[in-house]
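The chain contents come next:
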Amino acid sequence: MQKSNLKYYVHLHLIVFIWGFTAILGKLISIDAIPLVWFRMLLASLFIAVYFLIKNNSFRLDKKSLFKFFLSGILIALHWITFFKAIKVSNVSVALVTMSTGAFFTSFIEPFFYKRKIKAIEIILGLMVIGGLYIIFSFESQYTLGIVYALISSFLAALFSVLNGLFVRKHNASLISFYQLFFGALFITVFLFFQGSFTADFFILPSKDWMYLLLLSSVCTAYAFIVSVDVMKHLTPYTVMLTVNLEPVYAIILALIVFGESEKMNSEFYLGAGIVLFVVLLNGLLKNMKSILKKVGKLSPSKK
């Protein structure tokens, strides 16, 4: 690795560590998942708005794109709600390992939007992931609800990631993020309003919750997203892919340090988790090898 890229590589690890810390904060914050996500999205959108004002960035967007970001903002809100639900009804380790299935949901969703065939290798790897989850299900049945929430969250994450892959071709990533966070907060606002949840007690939170929410929305959401866009311009997709796959590893280690006994699982869980994480890593390696072979093929002189 070139010395000039070392600082970006270190910065990427810091961002992935921060993303892993998100799950820890979700467990530490005492309020339920829905108000937690409302505070997170609202505060994060405000932080990004301040960043836009400082940088003199434009908020201007056409109506068609606004509608798309409104729908995807709802998807992100539902993704985070089910993610934090999974953590609260099970634990960080179970939620993060199950969330690792996102790459394989993407493998089946992506062909629909990009109009390509599903590849046999993706089906095989997907079956291996199911095998790993089955082992976890079989020996950690008390966490079934958490696993179900995490699977729903993982599917939603894969769906909006594929959509964002299309959106980012035409729009600035920070602008997409701002509107998705804002519309997600707006969607939850309407839901909470009709539930009658907006009472004085709703905004009276323990000081620790406010501290964790500010950290979650600023550092773990607004900052991490904006900086990750810049970092990924300087590193190869392969490097980024390998590093991002360390997120559940970082989170599980952090959870064991912070929560101790409640995060310790039996050996079968770690066997299932190991299978899931291994397949996620293998999937990335295979895709990167294919990308490299394509580039080599383009650079090679054509045969006559």
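Report follows, based on the coordinates. (Residues numbered from 1 in each chain as written. Predicted model: local features only at pLDDT ≥ 70, side-chain atom pairs only at ≥ 80, totals over all residues. Heavy atoms only, no water.)

Of regular secondary structure, the protein chain possesses twelve helices and zero strands. Taken from the N to the C terminus, the helices and strands of the protein chain come in the order α-α-α-α-α-α-α-α-α-α-α-α. Across the 304 residues in the protein chain, those meeting the buried criterion constitute 46%. Look at the contacts in the protein chain between residues 6 or more apart in sequence, and 87% of them connect residues 24 or more apart. Carbon and sulfur atoms provide 70% of the accessible area of the protein chain, an area that totals close to 16000 Å². (Helix = DSSP H or I, 4+ residues; strand = E, 2+ residues; numbered from the N terminus. Buried < 20%, exposed > 50% of the residue type's maximum accessible area, 1.4 Å probe, protein only. Contact = heavy atoms within 4.5 Å. Areas by Shrake-Rupley, 256 points an atom, 1.4 Å probe, with all protein chains shown as cover.)

Here we take up the nonpolar core. In this structure, Met41, Phe84, Val92 and Ile188 are the most contacted members of the largest nonpolar core, which totals 69 residues. For this core, the elements supplying multiple residues, two or more each, are helix H1 (3–28), helix H2 (33–55), helix H3 (63–89), helix H4 (92–99), helix H7 (144–167), helix H8 (173–195), helix H9 (207–231) and helix H11 (247–259). When residues in this core are grouped by element, the largest group, eleven residues, is from H2. If sequence neighbours within four positions are ignored, methionine 41 has contacts with Gly73, Ile76, Ala77, Trp80, Gln180, Leu181, Gly184, Ala185 and Ile188. (Core = buried A, V, L, I, M, F, W, Y, C linked by side-chain atoms within 4.5 Å.)

Okay, the side chain of serine 177 next. Along the chain, the position of serine 177 falls in helix H8. Residue serine 177 is classed as buried on the basis of its relative accessible area, which comes to 9%. Ignoring sequence-local partners within four residues, the contact set of serine 177 consists of Ile48 and Phe225.

For the rest of this paragraph, the subject is the environment of aspartate 209. Along the chain, aspartate 209 falls in helix H9. Sequence separation between aspartate 209 and leucine 28 is 181 residues, and the spatial gap between their C-alpha atoms is 7.9 Å. The contacts of aspartate 209, once residues within four sequence positions are left out, are Leu28, Ile29, Ser30 and Ile31.

This model, assessed by the stated rule, comprises 24 aromatic pairs. With a centroid separation of 5.2 Å and 75° between ring planes, the pair formed by phenylalanine 69 and phenylalanine 167 is classed as edge-to-face. Here the residue phenylalanine 69 occupies a position in helix H3, and phenylalanine 167 occupies one in helix H7, the gap between them amounting to 98 residues. Residue class for phenylalanine 167 comes out buried when judged on its relative accessible area of 10%. Pairing phenylalanine 198 with phenylalanine 202 gives two aromatic rings, centres 5.2 Å apart and planes at 75°, and the pair type is edge-to-face. Among the aromatic residues, those joined into a ring-pair cluster are Tyr51, Phe52, Phe59, Phe70, Phe178, Tyr179, Phe182 and Phe183. Positioned above the aromatic ring of tryptophan 80, the side-chain terminus of arginine 40 is 3.8 Å from the ring centre. (Phe/Tyr/Trp six-rings, centres within 6.5 Å; stacked < 30°, edge-to-face > 60°. Lys NZ or Arg CZ within 6 Å of the ring centre and 35° of its normal.)

Structurally, leucine 133 can be placed in helix H6 (residues 120–139). In this structure leucine 133 comes out as buried when scored by relative accessible area, which is 8%. In sequence terms leucine 133 and valine 276 are 143 residues apart; their C-alpha atoms lie 7.3 Å from each other. Beyond its immediate stretch of four places on either side in the chain, leucine 133 contacts Thr98, Thr101, Leu151 and Val276.

All right, on to a nonpolar patch on the surface then. A cluster of nonpolar residues, Phe108, Ile118, Ile123, Leu127 and Ile130, forms a patch on the protein surface that exposes about 460 Å² of accessible area. Within the element layout of this structure, phenylalanine 108 appears in helix H5 (residues 102–114). (Patch = residues over 30% accessible without salt bridge, like charges linked within 9 Å, V, L, I, M, F, W, Y side chains within 5 Å. Salt bridge = Lys/Arg side-chain N within 4 Å of Asp/Glu carboxyl O.)

The subject of this paragraph is the packing of H2 against H3. The relative placement of two packed helices comes down to the angle between their axes together with the axis-to-axis distance. Interaxial distance between H2 and H3 falls to 9 Å at its minimum, and their mutual angle equals 130°. Comparing the axis directions of H2 and H3 gives the class oblique. Between H2 and H3 lies a crossing whose hand is right-handed. For the pair formed by H2 and H3, the contact residues are Ala33, Ile34, Leu36, Val37, Arg40 and Met41 on the first element and Gly73, Ile76, Ala77, Trp80, Ile81, Phe84, Lys85 and Lys88 on the second. Residue composition of the contact of H2 with H3, grouped by class: ten nonpolar, one polar and three charged. (Axes fitted to C-alpha atoms, helices over the stretch in contact; angles between N-to-C directions. Parallel < 35°, antiparallel > 145°, perpendicular 65-115°, else oblique. Left-handed = near helix turned anticlockwise from the far one by under 90°. Nonpolar A, V, L, I, M, F, W, Y, C, P; charged D, E, K, R; others polar.)

Glancing now at the packing of H2 against H8. The contact between H2 and H8 brings their axes to 8 Å, and the two run at 145°. Judged by the twist between their axes, the crossing of H2 over H8 is left-handed. Broken down by class, the residue content of the contact of H2 with H8 amounts to 17 nonpolar, six polar and no charged.

Phi is positive for asparagine 56, which is not a glycine, with a value near 60°. Using a relative accessible area of 69% as the deciding quantity, one classes asparagine 56 as exposed.

Structural remark: α-helix, 3.6 residues per turn; residues separated by three or four positions point the same way. With 27 residues, H3 extends 39 Å between its outermost C-alpha atoms, agreeing within 8% with the 39 Å of an ideal straight helix rising 1.5 Å per residue. Between the side-chain oxygen of the N-cap and the backbone nitrogen of lysine 64 there are 3.3 Å, and the N-cap of H3 in question is aspartate 62. (Expected span 1.5 Å × (residues − 1). Polar contact = N/O pair within 3.5 Å; in protein donor to acceptor, adjacent residues only side chain to side chain.)

Its location among the elements puts alanine 173 in helix H8. Alanine 173 sits in the buried class, given a relative accessible area of 19%. Spatially, the C-alpha atoms of alanine 173 and isoleucine 226 are 8.3 Å apart, while their sequence positions differ by 53 residues.

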